[in-house]
Amino acid sequence: MYRVLVPLLFVLLCGCSMANSSGVSAGFADNEQPTSSVASSRLVSEPGRSASEVSEGTPKRYASNDDHIPRGTFERAPSGALANRDYSSTQLDPDKARDLINAYRRQKGLKPLKLNVALTEAAKAHSRDLAKWDRISHYGSDGSNPWDRVKRAGYNAKVAAENVGTGQASLEEVIKGWQASPGHNKNLLLADAEHMGIALVQDPHTEFKTFWTLVVGASL
């Protein structure tokens, strides 16, 4: 079975959470914990074929028709939402990210992840694209989904998962936010995962300021 798990996370610095009809909330609660998430898991299959049919063969993999991010999930930040945050010390150390994530996985009895060049490239490509358009989504500006991007990077995945975060000022903050969100946390603790790639793109001229992407997966 081929799976893609795609929760996403972004932060808006306001005093309360916001919600819409899709059940997605956005913003900081009073305790300043990120409260936004969208999560889904799906079998990526050839249109017109059932999951059981797909699992028996090696199908072409497409995005499903309902895989687009729901409307009203704040793909763009309101003007000035993060203008008062200090990003002067924001940076990404991939080895530190791996160690933090693996320490968390060890607490749950899970095997550690290894940094993977292809998954890192997939994460970088998506963070660059999000920064270019100042938005948050699991869909790229070219219509690609996470599965498309890991394939494009040369990773032959049997399972892939992606977490996205925008607006966080540190690695610790974004990982803490992912841990606090059920969908993101499932990806951090994906038992089948063997590899990871993580990326950060910063652009002070955008509303979101920082664009974090984590990709985890296991290869065939």
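The model shown is predicted, which means the values in this text are computed figures rather than measured ones.

Novice: Tell me about the overall build of the chain, residues and numbers included.
Specialist: Scanning the chain from N- to C-terminus turns up six helices and nine strands. When the 220 residues of the chain are sorted by exposure, 50% land in the buried category. Of the roughly 10400 Å² that the chain leaves accessible, carbon and sulfur atoms contribute 48%.

Novice: Run through the pairing of strand E7 (residues 157-166), naming residues and quoting values.
Specialist: Along E7, nine of the 10 residues are buried, which leaves the element largely enclosed by surrounding structure. For E7 and strand E9 (residues 210-219), the ladder comprises nine bridges, and the chain directions are antiparallel. Following the sheet pairing, Ala161 is matched in E9 by Val216.

Novice: Can you break down the nonpolar core residue by residue, with the values?
Specialist: Across soluble globular proteins, nonpolar side chains show a tendency to be buried alongside one another. Ranked by internal contacts, the top residues of the largest apolar core, which has 22 residues, are Ile101, Leu171, Trp178, Met196, Ile198, Leu214 and Val216. Those elements that place two or more of their residues in this core are helix H2 (94-107), E7, helix H5 (171-180), strand E8 (195-202) and E9. Apart from the residues lying within four places of it in its own chain, the contact partners of Ile198 are Leu92, Pro94, Ala97, Thr120, Ala123, Leu171, Trp178, Thr213 and Leu214. Judged by nonpolar contacts, the second largest core, of 12 residues, contains Ala77, Ala81, Leu130 and Ala131.

Novice: Got a sec to walk through the pattern of salt bridges? Specific residues and values, please.
Specialist: One pass over the full model with this rule turns up seven salt bridges. Across the salt bridge formed by Asp95 and Arg98, the nearest N and O atoms sit 3.4 Å from each other. In this pair, Asp95 and Arg98 are both assigned in helix H2, three residues apart and thus about one turn of the helix distant. With its nearest N and O atoms 3.9 Å apart, the salt bridge here joins Glu121 to Lys124. Taken as a pair, Glu121 and Lys124 lie in helix H3 (residues 117-133) at a separation of three residues, close to a single helical turn. Residue Glu121 is classed as partly exposed on the basis of its relative accessible area of 36%. One network of salt bridges, in which partners are shared, links Asp95, Arg98 and Asp99.

Novice: How would you explain the packing of H2 against H5 if you had to name every residue and give the values?
Specialist: Between H2 and H5, the least distance of the axes is 11 Å, while the angle of their chain directions is 30°. Judged on the interaxial angle alone, H5 and H2 are roughly parallel. In this structure, H2 crosses over H5, and the sense of that crossing is right-handed. Across from Lys96, Ala97, Leu100, Ile101 and Tyr104 in H2, the residues of H5 making contact are Leu171, Glu172, Ile175 and Gln179. Tallied by class, the residues present in the contact of H2 with H5 amount to six nonpolar, one polar and two charged.

Novice: An account of H3 is needed here, citing residue identities and associated values.
Specialist: With 17 residues, H3 should cover 24 Å at 1.5 Å per step; its first-to-last C-alpha distance of 25 Å lies within 8% of that length. For H3, the elements touching its buried residues are helix H4 (146-152), E7, E8 and E9. Where H3 starts, the residue carrying a side-chain oxygen 2.9 Å from the main-chain nitrogen of Ala118 turns out to be Asn116. The first or second residue beyond H3 is Asp134, which carries a positive phi of 50°.

Novice: Report on the environment of Pro112, specifying residues and quantitative values.
Specialist: For Pro112, the location among the structural elements is in the loop between H2 and strand E6 (114-115). Residue Pro112 is classed as partly exposed on the basis of its relative accessible area, which comes to 45%. Taking the C-alpha atoms as reference points, Pro112 and Met196, separated by 84 residues in sequence, lie 9.8 Å from one another. Contact partners of Pro112, with chain neighbours within four places excluded, come to Asn102, Arg105 and Glu194.

Novice: If you had to explain unusual backbone geometry to someone new, which residues and values would you point to?
Specialist: Positive phi, close to 50°, is recorded for Asp134, a residue that is not glycine. Relative to the elements of secondary structure, Asp134 occurs in the loop between H3 and H4. Overall, Asp134 belongs to the buried group, its relative accessible area being 16%. You will see that Lys209, though not glycine, has its phi angle at about 70°, which is positive.

Novice: Explain the environment of Asn187 to me, and be specific about the residues and the numbers.
Specialist: Mapped onto the fold, Asn187 is located in helix H6 (residues 182-188). The buried category is assigned to Asn187, whose relative accessible area is 3%.

The rules behind each value
- Residues numbered from 1 in each chain as written.
- Predicted model: local features only at pLDDT ≥ 70, side-chain atom pairs only at ≥ 80, totals over all residues.
- Heavy atoms only, no water.
- Helix = DSSP H or I, 4+ residues; strand = E, 2+ residues; numbered from the N terminus.
- Buried < 20%, exposed > 50% of the residue type's maximum accessible area, 1.4 Å probe, protein only.
- Areas by Shrake-Rupley, 256 points an atom, 1.4 Å probe, with all protein chains shown as cover.
- Pairing = 2+ DSSP bridges.
- Core = buried A, V, L, I, M, F, W, Y, C linked by side-chain atoms within 4.5 Å.
- Contact = heavy atoms within 4.5 Å.
- Salt bridge = Lys/Arg side-chain N within 4 Å of Asp/Glu carboxyl O.
- Axes fitted to C-alpha atoms, helices over the stretch in contact; angles between N-to-C directions.
- Parallel < 35°, antiparallel > 145°, perpendicular 65-115°, else oblique.
- Left-handed = near helix turned anticlockwise from the far one by under 90°.
- Nonpolar A, V, L, I, M, F, W, Y, C, P; charged D, E, K, R; others polar.
- Expected span 1.5 Å × (residues − 1).
- Polar contact = N/O pair within 3.5 Å; in protein donor to acceptor, adjacent residues only side chain to side chain.

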